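Structural description and commentary
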Amino acid sequence: MLNLFKLGSLQSPLASLKERFYRFSNTYPFLQRFLPPITPMLYGDDETLNHLSTLNEAVLILPPSDYWAIKTTLNVKNEKDAAKYGPALFDLDNGYSYDAQRIDTDTFVIIAYNRSELSSKIASSAIGKIIEKITFAQWVFSHESVPVLLPNGKYLTLLDGIVIEMDPVYLDTNGAIGLNEALLHHRYPVKTVTIDVLSETNLTPKTLKTTLAIALILLVNIVSNGIINYQEQIRVEENIQTVLDEFKLPETSIEREAMVATLRKKEEKQLQLRRRFLKISDMQIEARNLPSPASATPSASAGGDVVLIPGSKPGDPNRLLVGNGSLNPPAAVHSDGIQEITYDGNGILLVMNFTDSQTRQNLKNEFLKRFKKVQLTERDSRMEARIK
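Residues numbered from 1 in each chain as written. Predicted model: local features only at pLDDT ≥ 70, side-chain atom pairs only at ≥ 80, totals over all residues. Heavy atoms only, no water.

1. As for the overall build of the chain
To keep things clear, this is the line we draw: Only runs of H or I of at least four residues qualify as helices and only runs of E of at least two qualify as strands under DSSP, and these elements are numbered from the N terminus. A contact between two residues is defined here by any heavy atoms of the two lying within 4.5 Å. All accessible areas in this document rest on Shrake-Rupley with a 1.4 Å probe, and a residue is counted as covered only by the protein chains that are shown.
Helix and strand content of the chain: nine helices and 20 strands. Put simply, 61% of the contacts in the chain that link residues at least 6 apart link residues at least 24 apart. With an accessible surface of roughly 25900 Å², the chain has 54% of that area assigned to carbon and sulfur atoms.

Here it is, written out as C-alpha cells:
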C-alpha cells in the first residue's frame, strides 16, 4: 500500500539555512507550529500507484525504476548549469528532461526522466488528481547510510552516491530501517518538480488559470496605457491650441514649419552674404584713376571752316573735317579697382581692372586664400571673380 508521510512545505531550490532550521525543529517540536503548512508525500511504484487516497494534495516520490541517474564531475556554478550536460551524458531521445543534484563541490548526480511516460502513468492512476509535484528517490534518500525497506520487500540503498532499488539477497540488511522511519530523518524540504513540467501538450487547469491571469493583467495594462496616452494627447492638443491663439500662428503645423524653414533659409543666406562681403572689404582693393591718352589736336584752317564728310548719311557717327584735319571724340577715363559687383542670389560676381600684372597676381592669390569656392577669369587687365 501507499506510504504516507507529512512533510514541511516543499520548495525548490533547497537552502542550507532552511534545512538546518527544519532539523532544529525536530529537537524542539514547539517550533513546528511556526513552519509553513505541511504537504503529504507518497512513495509508490507501478503496483502501489493504483491505491486510492483521501488526500487533496500530495507530492509523489518516484522510485529509481522511473528515471535514469548518473554521477559525474563538472566544473559548473550550479545545478541548473549541470543539467545542461544531460543530453551529452545520456543516449536518449528528445522526450527526456534532465535535472541535477549537487552532492559535492564539483560532483553532481544527473537525472533523466521521460515526461510523457511519467505523465501518462500519473494521469492513469487513481491518485493522479491529487499529485501537484513530484520528486525522485535520489533527492529524498541520498543521505541515508543504511538500507531502506520498501513495502514490496525490496530495499533502497546507495551505490557510489546513487540511490538504487535491490533485492535483499544482495544486501546486508542488518540495521535496515523502514520507509516511514527513513522519511522521519528528513523533516526539511527536498527539491521537487511541478506536475506541469511533465505535460508538453496537455493544458492543465493550473496552467489555464495562470495563462488567463497573465492575459488579464496584460489586458488591464494595455487599456490603462491607452487611457493615459489618450488623456496625454488631449492635454498636448489643448496646449498647442493655447499657443496658437496667444501668438496668432497658422492653424496647421505644416504652414508653421514651412514659414520657419523659409525664414531660416533667408537668414542663412543673408548671413553668408555678409560674411563674403566682409572678407572682400578686408582685402583693401585700392582704386585709382589713370591718365587719359592724349587726343589728336586738329589743325585749324585758315578760314576756320567746318565741313561735313561728303557722303555721310543720317545716323552715321558725326565726323567733321576741320582745316584738313580730323576731330576725334574725347577718350574715356580709365581707372584701377572694382568696376562692377553683381549678386544673383547664389553667388557674387566681381569685375575688376588692374593694369599692373603683379597687383592682379597678388589679388588672385588673396581670393584663393579667402574663399574655398571661387572662379577667377583674366583677360588683359580685366579680372572677374565668381564667388559661390
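2. Description of the nonpolar core
The test is simple: To define a nonpolar core, start from buried Ala, Val, Leu, Ile, Met, Phe, Trp, Tyr and Cys residues and group those joined through side-chain atoms within 4.5 Å. Think of it in three bands: residues with accessible area under 20% of the maximum for their type are buried, residues over 50% are exposed, and the middle band is partly exposed, with areas taken using a 1.4 Å probe on protein chains only.
Counting residues in each nonpolar core, the largest one holds 33 residues, and the members touching the most others are Tyr43, Ile61, Tyr113, Ile131, Ile134, Phe136 and Phe141. Of all the secondary structure elements, the ones that give two or more residues to this core are strand E2 (39–43), strand E3 (58–62), strand E6 (107–114), helix H4 (115–124), strand E7 (131–136), helix H5 (137–141) and helix H6 (179–184). Counting residues per element, this core draws most heavily on E3, which supplies five residues. In this structure tyrosine 113 touches Asp66, Tyr67, Gly95, Tyr96, Ser97, Tyr98, Leu118, Phe136, Val193, Val197 and Leu198, once residues within four positions along its chain are discounted. Grouped together as the second largest cluster of nonpolar side chains are 15 residues, Ile280, Ile348, Leu350 and Val374 included.

3. Observations concerning the confidence of the model for the chain
Do not read the fine detail of predicted coordinates wherever pLDDT is low. Note the following rule: Confidence scores per residue from the predictor, reported as pLDDT, run from 0 to 100.
The predicted model of the chain has a mean per-residue pLDDT of 75, with 68% of residues at 70 or higher. Across residues 46–53, confidence stays below pLDDT 50; counting only partners more than four residues off in sequence or on other chains, it has 20 contacts. Within the model, the stretch residues 294–307 combines pLDDT values under 50 with 16 contacts to residues more than four positions away or in other chains.

4. Things to note about helix H9 (residues 357–370)
This is how the line gets drawn: A helix is expected to span 1.5 Å for every residue after the first. The arc in question is traced by the directions running from the helix axis to the C-beta atoms. Here a polar contact is taken to be a pair of N or O atoms separated by no more than 3.5 Å, where protein atoms must pair a possible hydrogen donor with a possible acceptor and residues adjacent in sequence count only if both atoms sit in side chains.
An ideal rise of 1.5 Å per residue puts 20 Å on 14 residues; H9 measures up with 20 Å between its terminal C-alpha atoms. Of the positions making up H9, those classed as buried are Arg360, Leu363 and Phe367. End-on, the buried residues of H9 take up no more than an arc of 70 degrees, which puts them together on one face. Tucked into the core, H9 has its buried residues touching strand E18 (348–353), strand E19 (374–379) and strand E20 (382–387). With a side-chain oxygen lying 3.3 Å from the backbone nitrogen of glutamine 358, the N-terminal cap of H9 falls on aspartate 356.

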